[in-house]
Amino acid sequence: MTSLPLTQPQRSALVDTSLALLLQEQPNGQQLLDTVSAGDPGRRRLALQALLAMRPAIPLPAELNVSLERLLAAEAAERETVDALSLPGTEVDPRLSLWRGDITTIRADAIVNAANSALLGCFQPLHACIDNAIHSAAGPWLRQECADIMASRDRPEPTGTATVTRGYHLPATQVIHTVGPIVHGEPTPEHEVLLASSYRSCLLTAEELGASSIALCCISTGVFGYPKTEAAVIAVRTVREVLPHCQSLTKVVFNVFDPIDESIYRGLLGPDR
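Residues numbered from 1 in each chain as written. Predicted model: local features only at pLDDT ≥ 70, side-chain atom pairs only at ≥ 80, totals over all residues. Heavy atoms only, no water.

Novice: What's the story with helix α4 (residues 62-78) in this structure? I'm lost.
Specialist: Along an α-helix, residues three or four positions apart point the same way, because every turn accommodates 3.6 residues. Here α4 is 17 residues long and its end C-alpha atoms lie 25 Å apart, about the 24 Å a rise of 1.5 Å per residue gives. L64, S67, L68, L71, L72, A73, A74 and E75 are the residues of α4 that are buried. Of the surrounding secondary structure, the elements contacted by the buried residues of α4 are α1 (8-25), α3 (44-54), α5 (130-138) and α6 (140-153). (Helix = DSSP H or I, 4+ residues; strand = E, 2+ residues; numbered from the N terminus. Expected span 1.5 Å × (residues − 1). Buried < 20%, exposed > 50% of the residue type's maximum accessible area, 1.4 Å probe, protein only. Contact = heavy atoms within 4.5 Å.)

Pasting the structure below:
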């Protein structure tokens, strides 16, 4: 979707309108707004992000829908992105790439979200998890679609499976959500099987969609507690096992966000080529 650039006054007006409408729904959000934006009006956009994270999966009122659509469309148009297909391959396989950065800036047919079993995103304001980042960049329409899917199933999302939604205001066309295993201490053989299932399900789902590119996150290594090195070994091994059976996929990006993960994956994938 293309969007005309916004002037700073227009952007501020959309933020203020959206905040006012959200506060009509969530009067108790005023304290959060005051806390986040105290002494700095420029942080009102951050406060809007926080309030949206708290908002339940209910339809947007028309005025709020228009305001958020204009704001997020303009932000998406301004966002610097990286094309998954332009990334260099690695020594072990030219179809496999390693890239460190924000997954919400990757232009791919699909990106993977490490979700929880409710599949509604993270409700904790400004929580630094990938679930929160993806839902924030996509917009509240993503949570609503997830809620519709979950209502039709009437059960939690099983560990190791994959569910597809639209990408909305992300540069990625679609989001593939998967729930990885939760680990306390050392992973068990069952944890290994479930983590491999998450990666396998994501790749096979992307193949079913006819996707040519997919960006994978580090599933389960955050608050879910899976040790980084062991998880990376399973991720790379599973992808290399599944990829020969995929016809449409020509690029699989291992997306990492910190130098430790980058070093681990670089050791498994070898240098760029």
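Novice: Help me out: how do you make sense of the environment of C202 in this one?
Specialist: When you line up the elements, C202 lands in helix α7 (residues 189-209). In this structure C202 comes out as buried when scored by relative accessible area, which is 0%. Along the chain, C202 and C246 lie 44 residues apart, while their C-alpha atoms are 12 Å from each other. In contact with C202, other than residues within four places in its own chain, are V112, A162, I176, T178, I214 and L216.

Novice: Sorry if this is basic, but what is going on with α7 here?
Specialist: Over its 21 residues, α7 runs 30 Å from end to end, which matches the ideal 30 Å to within 8%, given 1.5 Å per residue. Buried within α7 we find H191, L195, A196, S198, Y199, S201, C202, L203, T205, A206 and E207. Structurally, α7 contributes buried residues whose contacts are with β4 (110-114), β5 (163-166), β6 (174-178), β7 (213-216), α8 (228-242) and α9 (259-269).

Novice: Sorry if this is basic, but what is going on with the sheet that holds β5 here?
Specialist: Strands in a sheet are paired, the pairing made by backbone hydrogen bonds, and the direction either parallel or antiparallel. Spatially, β2-β8-β7-β4-β6-β5 is the arrangement adopted by the six strands of the open sheet, whose pairing is mixed. On the outer flanks of this sheet lie β2 (96-100) and β5, each paired with one strand and no other. Averaged over all adjacent pairs, the angle separating strand axes in this sheet is 25 degrees, with direction ignored. Where β4 and β7 come together, two bridges link them in parallel fashion. Counted as the bridge partner of A110 is I214 from β7. Relative to the sheet, α7 contacts β4, β5, β6 and β7, its axis offset from that of β6 by approximately 150 degrees. (Pairing = 2+ DSSP bridges. Axes fitted to C-alpha atoms, helices over the stretch in contact; angles between N-to-C directions.)

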